[in-house]
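Remarks on the overall topology
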Amino acid sequence: MPKPRLIKLNKIGEPSLGYISIIEENDQIPFDIKRVYWTYFTPNHIERGNHAHKTLQQLIVAVSGVIEFTLIDVKNNKQKFTLDTPDVGLYIPCGYWREIKFSHNAVLLCLASEKYDEGDYIRTFQEFIK
Ligand code: TYD
């Protein structure tokens with residue numbers, strides 16, 4: 001079973017010029033990209049996520065701001081990841097419950113292995129743990 005992990009992304013540039021980071025399909029990430037979405041303007045006190053996916057794999061980048069992920073596996077083991085730099089991605093395999101906190105300026109970019117399908121969501125923790 002694949003595990004969540006931080007992936008260092010390519011970063012080209014220098015402080016005086018700025019940077020570019022790149023993700024190419026099947027290069028640093030172990031899936032084909034079928035969907036890209038981003039979230040923004042999440043108030044600081046709001047926790048998002050609170051679901052798991054049956055098949056979806058994701059690569060998440062905090063292109064701006066700070067995003068804190070708590071990932072929980074089906075045995076209720078918790079792991080925390082802080083995304084605070086745009087040249088690191090968090091790979092999330094299927095089957096992980098996630099709780100997400102954002103700094104107000106955070107922009108979360110998600111590359112996803114599937115198109116949106118509400119049927120792929122597990123929306124209650126009880127159902128997830130079962
Ligand atoms: P959700 O994945 O529950 O967001 P979060 O984990 O950030 O709280 O999605 C929020 C709403 O947006 C939900 O009604 C489904 C909808 N949505 C789409 O229609 N398409 C998408 O690709 C995504 C990610 C969400």
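What comes next is a walk through the structure. Predicted model only: the values in this text are computed from it and were never measured. The residue numbering used here restarts from 1 in each chain and proceeds along that chain's sequence as written. Two thresholds apply to this predicted model, a pLDDT of at least 70 for residue-level local features and 80 or more for giving and counting side-chain atom pairs, whereas whole-chain, interface and lining totals are computed over all residues. With hydrogens and water stripped out, all remaining heavy atoms of the structure feed into the side-chain values.

Notes on the overall build of the protein chain
Here a strand is any run of E in DSSP of at least two residues, a helix any run of H or I of at least four, and the numbering for each starts at the N terminus. Along the backbone of the protein chain there are 1 helix and 12 strands. Type-normalised accessible area, obtained with a 1.4 Å probe on protein chains alone, sets the label of each residue: buried when under 20%, exposed when over 50%, and partly exposed for intermediate values. In the protein chain, which comprises 130 residues, the share counted as buried stands at 39%. Nonlocal contacts in the protein chain, meaning residues at least 24 apart in sequence, comprise 77% of its contacts between residues at least 6 apart. For every accessible area listed, the method is Shrake-Rupley and the probe measures 1.4 Å; residues are considered covered only by the protein chains on display. When the accessible surface of the protein chain is split by element, carbon and sulfur atoms take 53% of a total near 7,700 Å². Counted as positive: Lys and Arg. Counted as negative: Asp and Glu. His and the chain ends are not counted at all. The atoms used to mark charge sites are NZ of Lys, CZ of Arg, CG of Asp and CD of Glu. In the protein chain, which carries 16 positive and 16 negative side-chain charges, the distance between the mean positions of the two groups comes to 6 Å. Here, two residues are considered to be in contact whenever any of their heavy atoms come within 4.5 Å of each other.

Describing the site of the ligand
Nearness here has a simple test: a residue counts as near a molecule or strand if at least one of its heavy atoms is within 4 Å of that partner. Neighbouring the ligand are the residues Arg 35, Tyr 37, Arg 48, Gly 49, His 51, Tyr 116, Tyr 121 and Arg 123. A distance of 3.0 Å is found between an oxygen atom of the ligand and a side-chain nitrogen or oxygen belonging to Arg 48. The contact in question runs from an oxygen atom of the ligand to an N or O atom on the side chain of Tyr 121, over 2.6 Å. Relative to its unbound accessible area of 530 Å², the ligand is 60% covered by the protein chains. Broken down by element, the residue count for the shell around the ligand peaks at 3 residues, all from strand β5 (residues 47–53). N or O atoms within 3.5 Å of each other form a polar contact, as long as, within protein, one can give a hydrogen and the other can take it, and as long as residues adjacent in sequence are counted only when both atoms are side-chain atoms.

Quick notes on the pairing of strand β2 (residues 10–14)
Note: two strands are recorded as paired if DSSP finds a minimum of 2 bridges between them. Here β2 pairs with strand β3 (residues 18–22) via 5 bridges, running antiparallel. Considered in β3, the bridge of Glu 14 is made with Gly 18. In this antiparallel pair of consecutive strands, β2 and β3, the connection spans 3 residues.

Some thoughts on the side chain of Ser 103
In this structure, Ser 103 sits in the loop between β10 (97–102) and β11 (107–112). There is a polar contact of 2.6 Å between the side chain of Ser 103 and the side chain of Asn 105.

A few points about the sheet that holds strand β1 (residues 5–8)
Strands sit in the order β1-β9-β6-β11-β4 across an open sheet of 5 strands; the sheet is antiparallel. In this open sheet, the two edge strands, each paired with only one partner strand, are β1 and β4 (35–40). Within the sheet, the average angular offset between the axes of one strand and its neighbour, ignoring direction, is 25°. Across 4 bridges, β1 lies against strand β9 (residues 88–92) in antiparallel orientation. Counterpart to Ile 7 in the pairing with β9 is Gly 89. An axis is simply a line fitted to the C-alpha atoms; with a helix, the fit covers only the stretch in contact. Between two such axes, the angle follows the N-to-C directions and lies from 0 to 180 degrees.

Details of the nonpolar core
Ile 60, Ile 67, Phe 69, Leu 83, Leu 90 and Leu 108 are the most contacted members of the largest nonpolar core, which totals 18 residues. Counting only elements with at least two residues in this core, the list comes to β6 (58–64), β7 (67–72), β8 (78–83), β9, β10 and β11. Setting aside residues up to four positions removed in sequence, Ile 67 forms contacts with Ala 62, Phe 81, Thr 82, Leu 83, Ile 100, Lys 101, Phe 102, Ala 106, Val 107 and Leu 108. Nonpolar cores are built from buried Ala, Val, Leu, Ile, Met, Phe, Trp, Tyr and Cys residues. Side-chain atoms within 4.5 Å join them into one set. Core analysis: the next-biggest nonpolar cluster, separate from the first, contains 8 residues, Ile 7, Ile 29, Leu 59 and Leu 111 among them.

Considering the sheet that holds β8
With antiparallel pairing, 5 strands are arranged side by side in an open sheet as β8-β7-β10-β5-β12. One side of each edge strand has no neighbouring strand; the edge strands of this open sheet are β8 and β12 (121–122). With 4 bridges connecting them, β5 and β10 associate as antiparallel partners. From the neighbouring strand, Gly 49 faces β10, where its bridge partner is Glu 99.

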